Amino acid sequence: MPVKCAICDGSAILKRPKTGDALCKNCFYYAFEEEVHKTIIDARLFTHGETVAIGASGGKDSTVLAYVMKELNDRYNYGLDLVLLSVDEGITGYRDDSLETVKRNQMQYDLPLKIVSYEELYGWTMDAIVQQIGLKNNCTFCGVFRRQALDRGAMMLKVNKIVTGHNADDIAETVVMNVLRGDIGRLRRCTAITTGAEGSLPRCKPFKYTYEKEIVMYAYFKKLDYFSTECIYSPNAYRGFARAYIKDVEKIRPSAIIDIIHSGESLSVKTTVKMPVQGNCERCGYISSNAICKACVLLEGLNRGLPRLGIGKTHKERRKIEELSKEGNVNPPQSGAAERQPTSIQTPVLAMESLSLDRRKPDVSKLDF
Amino acid sequence: MPVTKFHPYHGQNIRLLHDNMVAYRETSFAHALTFSEKALKPGEIFLVEIEKNELGWSGHMRIGLTQFDPSCKFELPQYALPDLQNMGKSWIFAVTKSHNKVVYSDAGDSDSVDREIHQSVLGDAEVIHTPQGSFSRSLLLPLRKLLSNNYETSVSTSSSDSALPTDIGSRIGIMYRVVGDTAEMRFIINGEDQGPCARNIPHQGGPLYAVVDVYGTTKQVRIIQLYCEGESDGPLQKEKVSPGRKCMKCRTENAILIIRVNDAFCKACFMVYVTHKFRATIGKSKLVRDGEKVLVAYSGGPSSSCLLHLITEGLSERAHKKLRFKPGIIFIDESAVLDNLIEDGGTAKDRIAELMVDVGYPCQTRRLEEAICLDQGGHLSEADLSSLTESYQASVCTSDPASPDDNLNKARVEIKALFSSIKSLTAREDMLNKLRQRLLMEVAHVQGYSKVMTGHCGTRLAVNLLSNISQGRGAHVAMDTAFSDTRYSDVMFVRPIRDFSSKEVAMYNSLHGVESVFLPTLTTKTHEGSSIEHLTEAFVTGLQTDYPSTVSNIMRTGEKLSTEKRDGENSNCALCQGPLDTDVGASSALNAVEFSSLISKKKNGRVDGCGDSATCCGEGDGSCHTQSEGLKKDEVMSVLCYGCRMTTKDMADPTALPEKLFRQISYRIRRSKMKEDIQDFLLDPENS
Ligand SMILES: [Zn+2]
Ligand SMILES: [Zn+2]
Ligand SMILES: [Zn+2]
Ligand SMILES: [Zn+2]
């Protein structure tokens, strides 16, 4: 006996991962799109006349996002100018294919496309970075640089906002990961639907409450073409554990993904706990809780032949680089490949005092025992 | 990796102890050169701890690398600095009280020192990976620091860092790493990478041995084993303490327990450490008053058995500073909801009753169904009061199933029905937790206990925290894991062993011969993914094995969250009394999930899942309200928190909650309707 669609009584062909309801194809599209629309309206993500960049990686989330954004913009007359924005990290064999996907999407959806490359933005391709630092820490670079690349590209395009394809699973995973790491600052921020401080571009997540499985399902039935974009460089270990955990919890209770997001939204941090103040990077203006943002620190390390600089969270490195930056001797990140040689820098007198050199050979005869 | 040792060839004043892992300078300040037994590999950290100092000397330990092979028995100089250094092929530095950061400069032009910014070789993860193996970051820290982390409140963080690198307990490491064709040498002092202190070491020219000159005030150093095998964080590492190993604290007694890898405590010092931790947790809270009546929840399990023992010890005359509260012990018999598993828990329960009586404080056994037993007001009825009189006999007479107490028998039937109506094990577990908590609160209330102590250890609380997050109870996690839980007006729940790991509990119990009794739970003999709590437990304990700071990280998260209670009768959940977290804006997970369930249902007509239920009213909009004072599902939901909504959603019929629970819910609903009616005439909106 064919199962009936819960909405229209037609014959159902799928069970919604989120609610368990049996639906036909069209009713699923309807429910999926209406939910995204509701998310956009409830959070007042956009205003009429804005230019919005869709972060397009060629992966499933951003491919579906581009499609749905275009669809909803037309249907509900958001009055948005949509553009696709893609970042080319320069990872051999990774983006080559996905960029092709993005380019195809551009034609299918009839949206303008801008591709910014790492080479253009930083003077380094991801492959070149990996060569410098080995495989171990490149996800730090990958993630940090990618976030910024999108912003920089967006600024070039003079857009008002960026939307990204982060879905409910991603957010739930981030909540769990930050609980495991005891990172209260990130834990508090990670459930916000719009991020970005003053002076930087707001980023929104219209898929905040959308299940990853439903995104796949939507792409599958709509025959949307995407490239599977698991970063080929290994992810953060804790994120991997959090991901595995989320998947297991979801099996027990499918609503758990949203439940975790609700938990994240309803956490209140003690007023006595100091939270990092979000400001802007002195060098590049990107949102940062430090005077110099992570990307600038990483870049500095790369350009100086000390690529591991800034991979840790030690504040000392940052402080040092801040000192250096005040000297005016440090290359801004835009400097690019031409200036990769480490520059000789005068040691600030103050810093020198705290770094006493014990290499001088002590005169033992003068020591009194 | 085999054990790291000192080379048997050493300076004439050195005596090697403890299987060549400790170097002691017997006399003078010189002729105290020691070497690593084997050459270091790139990235391998050679770590020593200063165990003894001798005053009256100037200067301290020197450490570095040399390419002289101690096996060749070359003639040893008096000092590492400058003698050995002058012999060449050696890179040595003195450890000083401060200023151990060394700037590398190329010889000559001292004005233009190329000041490099170095990245710590240690990274920022809790587990440090080196080519020779991985170890916990805490191993690089002095024990003193580790202990102070446990003892001090999270607020006061000062003064713990005041120890000097040359002090006893300080941990100093040396390593080199390959940079291009040569190597650079680094110091690691008390967990901090000091940056490159020598560069261009021709490591290909010959193997590099670690050199330690036990010089000046430094009298004795011990090699800390970073790579010894069997490092995995097993339940008890008792067997792994090598014979003759001394206690970290007193340094005289033989060690019996490793509280973290390589920090071994002897029995006496471990007891002091654990007891101190327990007393400090109670003491610093300043919440438990002298003479106060405290109800101690006892389940027979290891943690509550440990708690009970700590309390008994603390109250005994021989205790150093006697605890002064008045305990009563309670055991809750949950067999009513477990009978699908086994009914032969009888002997275990008898044993629990015996153990309670043995302790010698007032004790009682209550049945879980009493939590829903009918009464007149909000608490246990007058009729039940007589049965609640305390007894030194662990009497269970009135709550015996054979008892003529109709209410209780009715409650037993009702609670079984309730649990069998809950579809998922996750929700059943959640309901059990809430009912247990509720019963403890009511017994305490009726019998005049102002506190309830529970034996939740840190590991358990970390599991609960994450499990709560996954069940949408984010708003409650702080309250559920803090030392004190103040959600009830006149009874406070406290968790005095929340700083204990399950490993410490197990060791405490085994050292004291504390007996624990196994009773099955809802998830006994079920697979890992049978419930969210069960899954989370497996997840957290598994992660803890590889990442020993997992539990403390999770607890740290909980400590930074607010436990503030909101006032007003409508600000708490009618079921769990936690803060109501459902007053959220349009852009919220709650709103989104409600929309999802609406949108994929028929806009008009019957709702699926409703039609197939025998109790369906035929209303067709999901609001079956054929039962229970005509309350609608939506109304019931409106007074529940998000987490309790999730649990009641797993019930076949959420309006079929036990009458007692329901009465409170309907009372709440009536109150809020009343308030709505008179809303316009209330002058102060806060005056609710
Ligand atoms: Zn349909
Ligand atoms: Zn920057
Ligand atoms: Zn001892
Ligand atoms: Zn509740």
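Residues numbered from 1 in each chain as written. Chains lettered and ligands numbered in written order. Predicted model: local features only at pLDDT ≥ 70, side-chain atom pairs only at ≥ 80, totals over all residues. Heavy atoms only, no water.

### Re the overall build of chain A
Per the secondary structure count, chain A includes 14 helices and 10 strands. For chain A, with 369 residues in total, the buried portion stands at 55%. Considering only residue pairs separated by 6 or more positions, chain A has 70% of its internal contacts joining residues 24 or more positions apart. For chain A, the exposed area adds up to about 15,900 Å²; of that, 51% sits on carbon and sulfur atoms. (Helix = DSSP H or I, 4+ residues; strand = E, 2+ residues; numbered from the N terminus. Buried < 20%, exposed > 50% of the residue type's maximum accessible area, 1.4 Å probe, protein only. Contact = heavy atoms within 4.5 Å. Areas by Shrake-Rupley, 256 points an atom, 1.4 Å probe, with all protein chains shown as cover.)

### Details of the overall build of chain B
When you go through chain B residue by residue, the secondary structure sums to 18 helices and 21 strands. The burial tally for chain B puts 57% of its 688 residues in the buried class. Considering only contacts in chain B between residues 6 or more positions apart, those separated by 24 or more positions represent 71%. As presented, chain B carries roughly 28,300 Å² of accessible surface, and 51% of it is formed by carbon and sulfur atoms.

### Remarks on the pairing of strand E17 (residues 326-333) of chain B
Residue and element names in this part refer to chain B. Across the 8 residues of E17, 7 count as buried, placing the element largely inside the fold. Regarding the hand of the β-α-β motif, the stretch spanning strand E16 (residues 293-298), helix H4 (residues 302-315) and E17 is right-handed. As defined by bridge partners, E17 adjoins strand E18 (residues 363-367) across 5 bridges and the pair is classed as parallel. Residue pairing for E18: Ile329 is matched across the bridge by Cys363. (Right-handed = clockwise from strand over helix to strand, strands pointing away. Pairing = 2+ DSSP bridges.)

### Thoughts on helix H1 (residues 25-42) of chain A
Residues and elements named next belong to chain A. Over its 18 residues, H1 runs 26 Å from end to end, which matches the ideal 26 Å to within 8%, given 1.5 Å per residue. With 13 of 18 residues buried, H1 lies mostly within the body of the structure. Looking one or two residues beyond H1, the residue adopting positive phi is Arg44, at roughly 45 degrees. (Expected span 1.5 Å × (residues − 1).)

### Examining the side chain of B:Thr166
Residue and element names in this part refer to chain B. Within the secondary structure, Thr166 is located in the loop between helix H2 (143-151) and strand E9 (171-179). Residue Thr166 is classed as buried on the basis of its relative accessible area, which comes to 3%. Those residues within four positions of Thr166 in sequence are excluded, and the remaining contacts are Ile50, Asn53, His60, Val95, Thr96 and Lys97.

### What about the coordination of the zinc ion (ligand 1)?
Four donors placed tetrahedrally around a metal ideally meet at 109.5 degrees, and six donors placed octahedrally ideally meet at 90 or 180 degrees. Residues and elements named next belong to chain A. Looking at the zinc ion (ligand 1), the protein donor atoms are Cys5 (SG), Cys8 (SG), Cys24 (SG) and Cys27 (SG), and they sit 2.2 to 2.3 Å from it. Bound by 4 donor atoms, the zinc ion (ligand 1) shows angles of 100 to 118 degrees at the metal and therefore tetrahedral coordination geometry. When the donor residues of the zinc ion (ligand 1) are listed from N- to C-terminus, their spacing reads C-x2-C-x15-C-x2-C. In this pair, Cys5 is assigned in the segment before strand E1 (14-15) and Cys24 in the loop between strand E2 (22-23) and H1, connecting sequence segments 19 residues apart. Cys24 carries the same exposure label as Cys5, and that label is buried. (Donors = N, O, S within 2.8 Å, 3.2 Å for Na, K, Ca; no water. Tetrahedral: all angles 85-135°; square planar, octahedral: opposite > 155°, others 65-115°.)

### Concerning the coordination of the zinc ion (ligand 4)
All names here are of chain B. Protein coordination of the zinc ion (ligand 4) is provided by Cys573 (SG), Cys576 (SG), Cys641 (SG) and Cys644 (SG), with donor distances spanning 2.2 to 2.3 Å. Mapped onto the sequence, the donors of the zinc ion (ligand 4) take the spacing C-x2-C-x64-C-x2-C. Across this residue pair, the class does not change: Cys573 and Cys576 are buried.

### Describing the sheet that holds strand E19 (residues 451-453) of chain B
Strands sit in the order E18-E17-E16-E19-E21-E20 (chain B) across an open sheet of 6 strands; the sheet is mixed. Looking at strand neighbours, the two that pair on one side only are E18 and strand E20 (484-485) of chain B, the edges of this open sheet.

### Re the nonpolar core
As a rule of thumb, nonpolar side chains are buried together in soluble globular proteins. In terms of nonpolar packing, the biggest core is built from 50 residues, with A:Val176, A:Leu180, A:Tyr245, B:Leu466 and B:Ile469 touching the most fellow members. Discounting chain neighbours no more than four positions away, the residues touching A:Tyr245 are A:Val176, B:Leu466, B:Ser467, B:Ser470, B:Ile532, B:Leu535, B:Thr536 and B:Phe539. Counting residues in each nonpolar core, the second largest holds 49 residues, with B:Ala297, B:Ile372, B:Leu418 and B:Cys576 among its members. (Core = buried A, V, L, I, M, F, W, Y, C linked by side-chain atoms within 4.5 Å.)

### Section: the environment of B:Leu65
All names here are of chain B. By the element assignment, Leu65 lies in strand E5 (residues 62-66). Under the relative-accessibility criterion, Leu65 is labelled buried at 0%. Separated by 120 residues in sequence, Leu65 and Met185 place their C-alpha atoms 8.0 Å apart.

### Looking at the packing of helix H7 (residues 168-181) of chain A against helix H10 (residues 458-470) of chain B
Between H7(A) and H10(B), the shortest axis-to-axis distance is 11 Å and the interhelical angle comes to 165 degrees. The angle between H7(A) and H10(B) places the two elements in the roughly antiparallel class. Considering only the axes of H7(A) and H10(B), their crossing is right-handed. Across the interface between the two elements, A:Val175, A:Val176, A:Val179 and A:Leu180 from H7(A) touch B:Leu465, B:Leu466 and B:Ile469 from H10(B). Split into classes, the residues belonging to the contact of H7(A) with H10(B) amount to 7 nonpolar, no polar and no charged. (Axes fitted to C-alpha atoms, helices over the stretch in contact; angles between N-to-C directions. Parallel < 35°, antiparallel > 145°, perpendicular 65-115°, else oblique. Left-handed = near helix turned anticlockwise from the far one by under 90°. Nonpolar A, V, L, I, M, F, W, Y, C, P; charged D, E, K, R; others polar.)

### With respect to the confidence of the model for chain B
Residues and elements named next belong to chain B. For chain B, the average pLDDT comes to 78, and 78% of its residues sit at 70 or higher. Below pLDDT 50 for its whole length, residues 146-161 participates in 24 contacts with residues either more than four positions away or in separate chains. Low confidence marks residues 604-629, where pLDDT is under 50. Its contacts with residues over four positions away, or in another chain, come to 35 contacts. For this predicted complex, the interface score ipTM comes out at 0.78, alongside a pTM of 0.69. (pLDDT = per-residue confidence, 0-100.)

### Structural notes on the side chain of B:Gln437
Residue and element names in this part refer to chain B. Here Gln437 lies in helix H9 (residues 425-447). A relative accessible area of 19% places Gln437 in the buried class. Excluding residues within four positions of it along the chain, Gln437 makes contact with Asp485, Arg487, Tyr488 and Phe493.

### Considerations on the pairing of strand E4 (residues 81-88) of chain A
Looking along a regular strand, one sees side chains alternate from face to face of the sheet. Residues and elements named next belong to chain A. In terms of residue burial, E4 counts as a mostly covered element, since 6 of its 8 residues are buried. Direction of pairing for strand E3 (residues 51-55) relative to E4: parallel, over a ladder of 5 bridges. Opposite Ala53, over in E4, you have Val83 as the bridge partner.

### Overview of the sheet that holds strand E5 (residues 113-117) of chain A
Residue and element names in this part refer to chain A. Pairing in this open sheet of 6 strands is mixed, and the strands run E5-E4-E3-E6-E8-E7 from one edge to the other. A single partner strand is all that each edge strand has here, and the edge strands are E5 and strand E7 (194-195). Here E3 pairs with strand E6 (residues 161-163) via 3 bridges, running parallel. Its bridge partner lying in E6, Ile54 is registered against Val163. Relative to E3, helix H2 (residues 60-75) is tilted by about 155 degrees, and along the sheet it contacts E3, E4 and E6.

### Let's talk about the packing of helix H3 (residues 267-285) of chain B against H4(B)
Pairs of packed helices are described in terms of their axes, by the angle between the two and the distance that separates them. All names here are of chain B. Between H3 and H4, whose axes approach to 11 Å, the crossing angle comes to 85 degrees. Overall, the two elements H3 and H4 adopt an arrangement that is roughly perpendicular. Contacts from Val274, Thr275, Phe278 and Arg279 in H3 reach Leu307, Leu310, Ile311 and Gly314 in H4. Taken together, the residues of the contact of H3 with H4 sort by class into 5 nonpolar, 2 polar and 1 charged.

### With respect to the confidence of the model for chain A
Residue and element names in this part refer to chain A. Per-residue pLDDT for chain A averages 76, and the proportion of residues at 70 or more is 72%. For chain A, per-element mean pLDDT is lowest for helix H14 (residues 349-354), which scores 31, and highest for helix H11 (residues 256-265), which scores 95. Note on residues 327-369: pLDDT is under 50 here. Beyond four places in sequence and across chains, it has 81 contacts.

### Details of helix H8 (residues 406-421) of chain B
Residues and elements named next belong to chain B. Its 16 residues place the ends of H8 22 Å apart at the C-alpha level, agreeing with the 22 Å of an ideal helix rising 1.5 Å per residue. What H8 keeps buried is the set Leu408, Ala411, Arg412, Ile415, Leu418, Phe419 and Ser421. Considering only its buried residues, H8 is in contact with helix H5 (335-338), E18 and H9.

### Focus on the state of the cysteines
Evaluation of the coordinates by the stated rule reveals 0 disulfides over all chains. Looking at the unpaired B:Cys457, the closest cysteine sulfur is the one in B:Cys306, lying at 8.6 Å. (Disulfide = S-S within 2.5 Å.)

### Observations regarding the environment of A:Leu82
All names here are of chain A. Its place among the elements puts Leu82 in strand E4. With relative accessibility at 8%, the residue Leu82 sits in the buried group. Sequence separation between Leu82 and Ile162 is 80 residues, and the spatial gap between their C-alpha atoms is 9.7 Å. Leaving out residues up to four positions away in the same chain, Leu82 has contacts with Val52, Ile54, Met69, Lys70, Asn73, Leu111 and Pro112.

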